[in-house]
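Structural description and commentary
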Amino acid sequence: MKRTIKILAGVVLAVLLMTVIKNEYARLLPVSSYGMQAAVKKGTIDHLFIGSSMFRQGLSIDVLEEELAGSVYILSYNGNQPAFMAMELEYMLEEGLEIGTLYVDLYPYTAAAAPWISDTKILLDTDLRFKMDAWNLMSSYSSAGFSDFYELFVTANNEQILTYPIHNRLVSAQFRNGGNLLTPGGQTKEYLDSLGMLGGREGLQEAQTEGYQRLLRLAQEHGIQVCFLETPKYVRMYQDEDYMELYRACIQQMEEFSGEAFVVLAEDLDFDRENPECFQDLIHLSTQGRTLYTKLLCDRLKQGI
């Protein structure tokens with residue numbers, strides 16, 4: 001009996017040790033061309049874009065590097081929210097990254113969501129303290145329980161770590177300086193019109209608006225210029241009252257930050273939001289769409305922030 005207890009205790013201790021090692025030191029694996037560690041390794045980035053899949057699918061790294069003077073990097077995670085963007089920025093600054101201009105994803109639905117990490121690749125890029133801070137934020141605004149904690153700290157990303165050489169090579173082939181190199185095609189009007197809308201939300205979340213403010217404070221403290229960007233959505237989104245309610249609330253928030261940040265909305269640019277070939281779905285741009293949008297964006301940015 002005692003021997004069994006010792007074996008079980010040894011197994012538990014080994015699991016705990018491996019969990020701590022993974023959550024603290026997985027970030028030290030050789031970096032690819034994607035994520036926070038690859039950004040930190042650069043030391044200095046003149047133009048850092050930080051956002052969700054809106055940026056990953058909506059920005060062309062080829063156009064940005066061709067049109068903007070200096071180095072460019074796109075940091076994007078699926079469902080990335082303002083509250084976590086602020087944490088990511090603080091983490092990278094503490095790691096010594098110097099940034100010239102910061103471009104922040106302005107997507108109403110992430111600002112209306114309760115804090116949650118949708119893309120666990122964030123966890124591969126950060127230390128244990130970041131993960132605990134993220135968990136505390138999530139658990140404060142949701143009913144997150146033990147199963148969620150176990151998934152985030154124990155099981156998340158295990159397959160990527162076990163297959164790291166292959167996984168890293170695949171990721172590196174798909175990205176350059178964080179920019180998506182895959183070339184998704186556009187859709188037809190019939191297909192886009194057949195898609196269901198994304199539904200209503202209960203207004204902007206306090207934690208997310210605080211995330212916007214924290215981003216601005218960090219930028220001010222480090223002498224970083226800030227620009228908020230809204231990537232184009234298909235025309236049906238701008239005809240949807242649920243989306244437009246949040247859209248207007250986001251713009252109002254930006255107006256309250258007047259003098260602290262520059263804002264470029266899709267409607268400020270001559271982008272055809274009715275062209276289905278520019279979209280993969282209602283919110284993500286196709287290769288054609290992101291190329292056209294990024295060219296228009298760079299023309300606008302070169303006029304001055």
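An account of the accompanying structure is given in this report. Note that this is a predicted model, so its numbers are computed, not measured.

**Digging into the overall build of the chain**
Check the secondary structure of the chain and you find 16 helices and seven strands. Computed over its C-alpha atoms, the radius of gyration of the chain comes to 20 Å, within 12% of the 19 Å expected for a compact globule of 305 residues. Counting only C-alpha atoms, the chain reaches 75 × 40 × 40 Å along its principal axes. Residues counted as buried form 50% of the 305 residues belonging to the chain. Restricting to contacts in the chain with at least 6 residues of sequence separation, those with at least 24 account for 82%. As displayed, the chain has an accessible area near 14,400 Å², and 52% of this comes from carbon and sulfur atoms.

**Overview of helix α8 (residues 128-141)**
For α8, spanning 14 residues, the distance from its first C-alpha to its last is 20 Å, which sits close to the expected 20 Å at 1.5 Å a residue. For α8, the set of buried residues is Phe-130, Lys-131, Ala-134, Trp-135, Leu-137 and Met-138. One side of α8 holds all its buried residues, which, seen down the axis, span an arc of 165°.

**Re the pairing of strand β1 (residues 44-51)**
Put simply, side chains in a regular strand alternate between the two faces of the sheet. In terms of residue burial, β1 counts as a mostly covered element, since six of its eight residues are buried. Pairing of β1 with strand β3 (residues 98-105) involves six bridges; the strand directions are parallel. Counterpart to Thr-44 in the pairing with β3 is Glu-98.

**With respect to the sheet that holds strand β2 (residues 72-76)**
Read across the sheet, five strands follow the order β2-β1-β3-β6-β7 without closing on themselves; strand pairing throughout is parallel. Each having just a single partner strand, β2 and β7 (262-264) make up the two edges of the open sheet. Neighbour to neighbour, the strand axes of the sheet diverge by 25° on average, direction disregarded. Two elements, β1 and β2, share five bridges in a ladder whose sense is parallel. Note that in β2 the partner of Phe-49 across the bridge is Ile-74. Across the sheet, helix α13 (residues 206-221) is in contact with β3 and β6 (225-229); its angle to β6 comes to roughly 150°.

**Comments concerning the packing of helix α5 (residues 82-94) against α13**
When two helices pack together, their arrangement is given by the angle between the helix axes and the distance between those axes. For the pair α5 and α13, the least separation of the axes is 7 Å and the interaxial angle reads 25°. In this view, α5 runs roughly parallel relative to α13, as classed from their interaxial angle. Considering how the two elements wind past one another, α5 and α13 form a crossing that is left-handed. On the side of α5, the interface is formed by Pro-82, Ala-83, Met-85, Ala-86, Met-87, Leu-89, Glu-90 and Leu-93, while α13 contributes Ala-207, Gln-208, Gly-211, Tyr-212, Arg-214, Leu-215 and Leu-218. Counted by class, the contact of α5 with α13 contains 11 nonpolar, two polar and two charged residues.

**Side note on the pattern of salt bridges**
A complete count under the given rule lists eight salt bridges for this structure. Asp-62 is the salt-bridge partner of Arg-176, the closest N and O atoms lying 2.6 Å from each other. Taken as a pair, Arg-176 in strand β4 (residues 175-176) and Asp-62 in helix α4 (residues 61-67) lie far apart in primary sequence, 114 residues in all. Overall, Arg-176 belongs to the partly exposed group, its relative accessible area being 31%. Put simply, Glu-94 and Arg-129 hold a salt bridge, and the shortest N to O gap is 2.6 Å. Here Glu-94, found in helix α5, pairs with Arg-129, found in helix α8; they are 35 residues apart in sequence, far enough to count as distant.

Cut-offs and rules
- Residues numbered from 1 in each chain as written.
- Predicted model: local features only at pLDDT ≥ 70, side-chain atom pairs only at ≥ 80, totals over all residues.
- Heavy atoms only, no water.
- Helix = DSSP H or I, 4+ residues; strand = E, 2+ residues; numbered from the N terminus.
- Rg over C-alpha atoms; globule rule 2.2 N^0.38 Å.
- Buried < 20%, exposed > 50% of the residue type's maximum accessible area, 1.4 Å probe, protein only.
- Contact = heavy atoms within 4.5 Å.
- Areas by Shrake-Rupley, 256 points an atom, 1.4 Å probe, with all protein chains shown as cover.
- Expected span 1.5 Å × (residues − 1).
- Arc of directions from axis to C-beta.
- Pairing = 2+ DSSP bridges.
- Axes fitted to C-alpha atoms, helices over the stretch in contact; angles between N-to-C directions.
- Parallel < 35°, antiparallel > 145°, perpendicular 65-115°, else oblique.
- Left-handed = near helix turned anticlockwise from the far one by under 90°.
- Nonpolar A, V, L, I, M, F, W, Y, C, P; charged D, E, K, R; others polar.
- Salt bridge = Lys/Arg side-chain N within 4 Å of Asp/Glu carboxyl O.

Geometric values such as these leave the question of function open.
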